[in-house]
Structures are given as structure tokens and as C-alpha cells.
Amino acid sequence: MLDAAFALMRTPLFGPRAAAWCDFLDQRNAGAMFLSTDIDNAARMPAGAAVAGKCASIFAMPDEEPTAAYTMFGLTDADIATLAYLRDGQALLKRGAESLPLKLHLESLGPKLRATLSGDAPPAFAPQSLAS
């Protein structure tokens, strides 16, 4: 789910069912990726804590000024401090209590996919339309 799709998590129809949806995917041996360029906004999501608790792995990208919002996703103070020192091409992998800084090799990805993953791609549609 991208930032625009997080608007769905705020709707009365889907938001309260988000954690159960994650359980359903797990039962079907499937998964979902929750991607956001606005961690503070994602952390304020009403179903955020329930959904974050269902995540098997969290990849956190470099953030020069990380906020306490990362704690909602299970990152410790040490993890949050690490984010400030990571650079482009690096990420922090969080699985349970284990945290590993990683070097990502994204050179083989096409330019559009790299731009999307880095948050530099233009939006495919206006996210405001989902919120209304």
C-alpha cells in the first residue's frame, strides 16, 4: 500500500478490518507491502498499531531527522538513531528484536521503479480523491 492507499485505512469500511485483512493474507500464505514516505502520517493511522503488529519485517530508509513515530512500527531508540546515519542505498531491516543495517543494490532496477521506491516518482493519481 502506498501513501495514497493509506487513505483507505482511515475509512470506516476498511480501517477497522485492516488487522483482520492482514490475518487473512497470512492464512492464504500471501502478504502486503505497506510503503510510506510520510512516517508521521502513517503512524497516526487509526489501525496503525494493529497493522504494525502484523508486520513480519520492516524496512526503514534513511531519514536525516527521524521522529518518535517510528516507535509505533517497533523501532527502538537505537534503531531511530541509526536511521539518521544511513545514506542513500542503505536501509534498516527490523525483524522482531533484530535490527540490521543493509546495503541495497538497486542498480538493476529500471529508472521508473527506482524513482517510485525513492519517492521521486510523480503520483499516478491524486491521493485527495481517496480521502473524500
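As the structure is a prediction and not an experimental result, all values here were calculated from the model.

Taken over all residues, the pLDDT of the protein chain has a mean of 79, while the share at 70 or more is 83%. Across the protein chain, the secondary-structure element scoring lowest on mean pLDDT is helix α7 (residues 128-131), at 43, and the one scoring highest is helix α5 (residues 77-85), at 92. In the predicted structure, residues 125-132 sits below a pLDDT of 50 and forms 7 contacts with residues beyond four places in sequence or in another chain.

A few words now on α5. Think of an α-helix as 3.6 residues a turn; residues three or four steps apart then line up on the same face. Every buried residue belonging to α5 is among Asp79, Ile80 and Leu83, and all of these are buried. Along the axis of α5, the buried positions cluster into a sector of 100°, meaning they face one direction only. Counted as exposed and oriented over 90 degrees from the buried face of α5: Asp77, Ala78 and Tyr85. At its buried positions, α5 is contacted by β1 (58-60), β2 (90-95) and β3 (98-103).

With that settled, consider the environment of Leu102. Inspection of the secondary structure assignment puts Leu102 in strand β3. Separated by 43 residues in the primary sequence, Leu102 and Phe59 place their C-alpha atoms 9.4 Å from one another. Residue contacts for Leu102: discarding those within four places in its chain leaves Phe59, Gly89, Gln90, Ala91 and Leu93.

Here β2 runs beside β3; their pairing, made up of 6 bridges, is antiparallel. Looking across to β3, one finds that Leu93 is bridged to Leu100. The loop that links β2 with its antiparallel partner β3 comprises 2 residues; one of these, Gly96, has a positive phi angle of about 65°.

According to the stated counting rule, one finds 2 salt bridges in the structure shown. In this structure, the salt-bridge partner of Asp23 is Lys54, at a minimum N-O distance of 2.9 Å. Taken together, the positions of Asp23 in helix α2 (residues 18-27) and Lys54 in the loop between α4 (48-52) and β1 put the pair 31 residues apart, joining distant regions of the chain. Salt-bridge contacts for Asp79 lead to Lys94; the nearest nitrogen and oxygen are separated by 2.9 Å. Of this pair, Asp79 sits in helix α5 while Lys94 sits in strand β2, and the two are 15 residues apart along the sequence.

Turning our attention to unusual backbone geometry. Leaving glycine aside, a negative phi is the common case for residues, and trans is the common case for peptide bonds. Residue Asn29 is not a glycine yet carries a positive backbone phi of 60°. By secondary structure assignment, the location of Asn29 is in the loop between α2 and α3 (39-43).

This part is about the packing of aromatic side chains. Under the defined criterion, the tally for this structure stands at 1 aromatic pair. A ring pair is formed by Phe14 and Trp21, whose centres lie 5.6 Å apart and whose planes are at 70°; its orientation type is edge-to-face. Given the relative accessible area of 22%, Phe14 is considered partly exposed.

What counts and how
- Residues numbered from 1 in each chain as written.
- Predicted model: local features only at pLDDT ≥ 70, side-chain atom pairs only at ≥ 80, totals over all residues.
- Heavy atoms only, no water.
- pLDDT = per-residue confidence, 0-100.
- Helix = DSSP H or I, 4+ residues; strand = E, 2+ residues; numbered from the N terminus.
- Contact = heavy atoms within 4.5 Å.
- Buried < 20%, exposed > 50% of the residue type's maximum accessible area, 1.4 Å probe, protein only.
- Arc of directions from axis to C-beta.
- Pairing = 2+ DSSP bridges.
- Salt bridge = Lys/Arg side-chain N within 4 Å of Asp/Glu carboxyl O.
- Phe/Tyr/Trp six-rings, centres within 6.5 Å; stacked < 30°, edge-to-face > 60°.

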